[in-house]
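Geometric and topological summary
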Amino acid sequence: MTFGCSSKLSSMILFTMLFASLMGASEGGNFLQDFDITWGDQRGKILNGGQLLTLSLDKASGSGFQSRKEYLFGRIDMQIKLVSGNSAGTVTAYYLSSQGPTHDEIDFEFLGNSTGEPYVLHTNVFSQGKGNREQQFFLWFDPTKAFHTYSIVWNKQRIIFLVDNIPIRVFQNLESIGVPFPNKQAMRIYSSLWNADDWATRGGLVKTDWTQAPFTASYRNFKANACIWSSASPCTSTSPNSVQDNVWQAQELDAPGRNRLRWVQQKYMIYNYCTDLKRFPQGLPPECKRSRFL
Ligand SMILES: *[C@@H]1O[C@H](CO)[C@@H](O)[C@H](O)[C@H]1NC(C)=O
């Protein structure tokens, strides 16, 4: 059998299309399949056949969504475009959390600001119900002008927070010195947009300007390379065969990663619980003594 030029070309095209669609299936999430709007009635919307999700806040209520699946370790990426203009008083929370009084939680919270003033990115890690591990940052871009990628890498050794793939925070597993680490409770992905003008912007001094409502944040390109948890099977991988998609399992910072983390922490970090001696007069939490990069 001989292949003519055109059939070779068309089989190549077919192969490329097949390959692209397989990649698409293993990579991307669809909001219609993976999430439920759980709060705020019509203020949360899934659009474009599941490619886009928007949350909004008005004087009556905010809104929120959560993932259908629960995860126990993984890398979760989400692109978010935050409330633009005068967003003072609004908070967009994006986090992983388990349930119950001894829950674990990994938090990104974006505190809005007056027009032209910078957002604050607030982070925290709860293990077995205990948080108090805040670090806050300014961003090196305006998070309202375009979508940016916010990622959580969560494996057995550490949690890495990344913004556009730049590590901003690492929380190491230090169970060996008695610091609980989130590794037993599966978590869902949550996000909500709400009014927190009693504390969010300059400690509650700047109030939400309701003439600007509704306030809207947008989400796209959700991606989970993760273990989906169920009582029958603690880990069903979302990408069982791809080496690249499973890099998160042993991910740590290499030398360039450590340099970037240092850059962020030196130039953009505005609060670190690990240096707040006033707050911990009896001594800093044990994890703070271990690493320069917490
Ligand atoms: C808002 O901007 C002010 C002044 O630039 C800054 O001090 C503050 O940290 C910013 N963010 C919030 C959430 O208040």
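Counting of residues starts from 1 at the beginning of each chain's written sequence and follows it residue by residue. Totals for whole chains, interfaces and linings use every residue, but because this is a predicted model, local features are given only for residues with pLDDT of at least 70 and side-chain atom pairs only at 80 or more, for both listing and counting. No hydrogens and no water enter the side-chain calculation; it runs on all heavy atoms of the structure.

In plain terms, the rule: UniProt positions are given in the numbering used here, feature names are shortened, and annotations may be inferred rather than shown by experiment.
Per an unreviewed UniProt entry, the chain goes by the name Xyloglucan endotransglucosylase/hydrolase and belongs to Salix viminalis. According to its UniProt record, the chain has this under Function (unreviewed entry): "Catalyzes xyloglucan endohydrolysis (XEH) and/or endotransglycosylation (XET). Cleaves and religates xyloglucan polymers, an essential constituent of the primary cell wall, and thereby participates in cell wall construction of growing tissues." In UniProt, the chain has this text filed under Sequence similarities (unreviewed entry): "Belongs to the glycosyl hydrolase 16 family."

With respect to the environment of Gly203
Let me state the cut-off plainly: Helix and strand labels come from DSSP, where a helix needs a run of H or I of at least four residues and a strand needs a run of E of at least two; each type is numbered from the N terminus. Relative accessibility thresholds used throughout: buried, under 20% of the residue-type maximum; exposed, over 50%; partly exposed, between the two (1.4 Å probe, protein chains only).
Relative to the helices and strands, Gly203 is located in the loop between strand S13 (188-195) and strand S14 (215-229). Given the relative accessible area of 60%, Gly203 is considered exposed. Separated by 114 residues in sequence, Gly203 and Gly89 place their C-alpha atoms 9.6 Å apart.

Focus on the UniProt feature "active site" (unreviewed entry) in the chain
As a reminder of what qualifies: Residues count as neighbours in contact if any of their non-hydrogen atoms are within 4.5 Å of one another.
The positions UniProt marks with the feature "active site" (unreviewed entry) are Glu105 and Glu109. Turning to its location among the elements, Glu105 is positioned in strand S7 (residues 105-111). Residue classification places Glu105 among the buried residues on the basis of a relative accessible area of 13%. Non-local contacts of Glu105, meaning those with residues more than four positions away in its chain, are made with Tyr95, Leu96, Ser97, Asn124, Val125, Phe126 and Met187. Given the relative accessible area of 14%, Glu109 is considered buried.

Looking at the pairing of S14
How we decide: A pair of strands is treated as paired once DSSP finds two or more bridges between them.
With six bridges joining them, strand S3 (residues 52-57) and S14 adopt antiparallel strand pairing. Its bridge partner being in S14, Leu52 is matched across the sheet by Arg220. The hairpin formed by S14 and strand S15 (residues 236-237) contains six residues between the paired strands.

Some details on the environment of His103
Along the chain, His103 turns up in the loop between strand S6 (90-97) and S7. A relative accessible area of 15% means that His103 is categorised as buried. In this structure the C-alpha to C-alpha distance between His103 and Gln185, which are 82 residues apart in sequence, comes to 7.5 Å. Here His103 is in contact with Ser97, Ser98, Phe126, Ser127, Gln128, Gly129 and Gln185, once residues within four sequence places are set aside.

Describing the site of the ligand
This is how the line gets drawn: Nearness is judged by heavy atoms alone; a residue qualifies as near a molecule or strand once a single heavy atom is within 4 Å of it. Think of a polar contact as two N or O atoms within 3.5 Å of one another; within protein, one of them needs to be a possible hydrogen donor and the other a possible acceptor, and neighboring residues in sequence only count if both atoms come from side chains. Per-residue and other accessible areas follow the Shrake-Rupley method at a 1.4 Å probe size, with only the shown protein chains counted as cover for residues. Gly counts as polar in this scheme, as do all residues outside two lists: the nonpolar Ala, Val, Leu, Ile, Met, Phe, Trp, Tyr, Cys and Pro, and the charged Asp, Glu, Lys and Arg.
Close to the ligand lie Leu111, Gly112, Asn113, Glu117, Pro118, Val120, Phe138, Ala200, Thr201 and Arg202, which account for all nearby residues. A distance of 2.7 Å separates an oxygen atom of the ligand from a polar atom in the side chain of Glu117. Within the backbone of Pro118, a nitrogen or oxygen atom sits 3.5 Å from a nitrogen atom of the ligand. When isolated, the ligand has an accessible area of 350 Å², and the protein chains bury 73% of it. Taken together, the residues that form the shell around the ligand break down as five nonpolar, three polar and two charged.

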